[in-house]
Amino acid sequence: VIAGDVFHTIRPNPYVFDEFAKFIRSLTVEKVQVVCIAGTHDQPRTEASEAYVKALEDVGAPNFYFFRKPGVITLKGSISGKKVRFLCLPYVPQTMFKPDEYISSVEQSIRRLLSEPVESYDYTVVVGHFYVEGAVINSREHTPRYIGDIPLPRRLFNGFDASMLGHIHRHQFLTGKIVYAGSIERIDFGEEGEEKGFVYFEEYEGGLRGSFIRLPCRPMLTIPRDGFLELRGRRNYEAVLREYIRGLRGVEDAILRLKMRLDPSQVIPSRALEEALRSKKVFHWI
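As the structure is a computational prediction, the values presented were derived from the model and not from experiment.

Here is what the cut-offs are and how they apply
- Every chain is numbered on its own, with residues counted from 1 as its sequence reads.
- Local features in this predicted model are restricted to residues whose pLDDT is 70 or higher, and side-chain atom pairs enter the listing and the counts only when it is 80 or higher, whereas totals over whole chains, interfaces and linings include all residues.
- Values shown for side chains rest on all heavy atoms present in the structure; no hydrogens or waters enter the calculation.
- Residues belong to one nonpolar core when they are buried, are Ala, Val, Leu, Ile, Met, Phe, Trp, Tyr or Cys, and are joined through side-chain atoms within 4.5 Å.
- Exposure classes here rest on a 1.4 Å probe applied to the protein chains alone. A residue is buried below 20% of its type maximum, exposed above 50%, and partly exposed in between.
- Here a strand is any run of E in DSSP of at least two residues, a helix any run of H or I of at least four, and the numbering for each starts at the N terminus.
- Only centres within 6.5 Å qualify two rings of Phe, Tyr or Trp (six-membered ring in Trp) as a pair; their planes then separate them into stacked at under 30 degrees, edge-to-face at over 60, and tilted for everything else.
- Put simply, a charge is over a ring when the Lys NZ or the Arg CZ is close to the ring centre, within 6 Å, and near the line of the ring normal, within 35 degrees.
- Within this analysis, patches are made of residues with over 30% relative accessible area and no salt bridge. Like charges are joined at 9 Å or less; nonpolar side chains (Val, Leu, Ile, Met, Phe, Trp, Tyr) at 5 Å or less.
- Residue exposure ignores everything except the shown protein chains as possible cover, and the areas themselves are Shrake-Rupley values with a 1.4 Å probe.
- Whenever Lys or Arg places a side-chain nitrogen within 4 Å of a carboxyl oxygen from Asp or Glu, that contact is recorded as a salt bridge.
- Here the arc refers to the set of directions running from the helix axis out to each C-beta atom.
- Any two residues having at least one pair of non-hydrogen atoms within 4.5 Å are treated as being in contact.
- By definition, pLDDT measures how confident the predictor is in each residue, and it falls between 0 and 100.

### Describing the nonpolar core
Grouped together as the largest cluster of nonpolar side chains are 23 residues, with contacts concentrated most on Phe130, Leu152 and Phe157. Every element with two or more residues in this core is listed here: strand S4 (83-89), helix H3 (99-115) and strand S8 (178-180). The element best represented in this core is H3, accounting for five residues. Counting 18 residues, the second-largest nonpolar core is a separate cluster that includes Ala3, Phe67, Tyr123 and Val127.

Put into structure tokens, the structure is as follows:
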């Protein structure tokens, strides 16, 4: 289940799109069924354009189901034989809604999908891409205004066997059945200290139980952790900087953010920085 934002931009790099297509193929040829909904970055900005991900569905990729608009699908597990009904609720731009209207529209979509005729099923799962009240944006922000979204009340998702949510990059269980998987990679330094991974669901005592599986992502590190490297007034500031970098530990393969203070007359010693950080095998720095 991919709960939206396959890519970080509406027009993904061709290489990245091809890698995703190969990844989906590696699943579907093994008869793994993939349910994917459009997220903020997957929805085209005009009605005349189309989502890039839809190309995989249009080409007839087997076992791949993409939802740009609300829809419902029931899938049967190839091993267990159990049937899961997925209520798919992709991202809907909120600029045309007042808060009450937006909440009401999502509630109506859920009711409409629940009312559609369906064969027998064992579990009902909501797959959605939105902000639900109580979710923490990241370790620094706790308000929906940070992403400019209208928070949906948690009550909309009570009574389902699981609600698998996208949009918030930080992994969290709002309840035992309402969960954000979070992003599978760190997107910016606001997520520097967050663990990344995915959520694995399994049957347990007649229901579904989710657990977080951590992924070994590339580290993001701010150096120094607190404050700045003070280089103002130092005649030999390039040598001081090189010596400081030489003493760093645990920065190999990391994306590094270096904070320093310089006088207006001092120039950022880019060449010295590049050489010193390359010797420490830093992947990228800003």
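Next comes the rest of the write-up.
### Thoughts on the packing of aromatic side chains
By convention here, two paired aromatic rings are described through the distance between centres and the angle between planes. By the definition in use, this model includes four aromatic pairs. Seen in terms of ring centroids, Phe7 and Phe17 are 5.8 Å apart; in terms of plane orientation they differ by 35°. Their pairing is tilted. Pair noted here: Phe7 is in the segment before helix H1 (14-28) and Phe17 is in helix H1, with a separation of ten residues, a long-range link. Taking the relative accessible area as the measure of exposure, Phe7 reaches 7% and is therefore buried. Each ring, one from Phe130 and one from Phe157, has its centre 5.4 Å from the other, and the planes form 35°; the classification is tilted. Of this pair, Phe130 sits in the loop between strand S5 (123-129) and strand S6 (162-166) while Phe157 sits in the loop between S5 and S6, and the two are 27 residues apart along the sequence. What links up through ring pairs into an aromatic cluster is the set Phe7, Phe17 and Phe20. When the ring centre of Phe283 is taken as reference, the NZ or CZ atom of Arg218 above it lies at 3.6 Å. Over the ring of Phe228 we find Lys259; its NZ or CZ atom is 5.2 Å from the centre of that ring.

### Structural notes on a nonpolar patch on the surface
Where nonpolar side chains cluster on the molecular surface, the patch consists of Phe198, Tyr200 and Ile213 and spans about 270 Å² of accessible area. As for its position among the elements, Phe198 is in strand S9 (residues 197-204).

### Quick notes on helix H4 (residues 237-246)
Turning to H4, its buried residues are Tyr237, Val240, Leu241 and Ile245. Seen along its axis, H4 keeps its buried residues to an arc of 130°; they face one direction.

### Description of helix H5 (residues 270-279)
Burial in H5 covers these residues: Ala272, Leu273, Ala276 and Leu277. Down the axis of H5, the smallest arc covering the buried residues is 120°, so these residues share one side. The outward face of H5, more than 90 degrees from its buried face, is lined by the exposed residues Arg271, Arg278 and Ser279. Along its buried surface, H5 packs onto H4, strand S13 (255-258), strand S14 (260-261) and strand S15 (284-285). Looking at the residues trailing H5, positive phi occurs at Lys281, about 60°.

### Looking at the confidence of the model for the chain
In the predicted model, the chain carries a mean pLDDT of 89, and 94% of its residues have values of at least 70. Across residues 141-145, confidence stays below pLDDT 50; counting only partners more than four residues off in sequence or on other chains, it has eight contacts.

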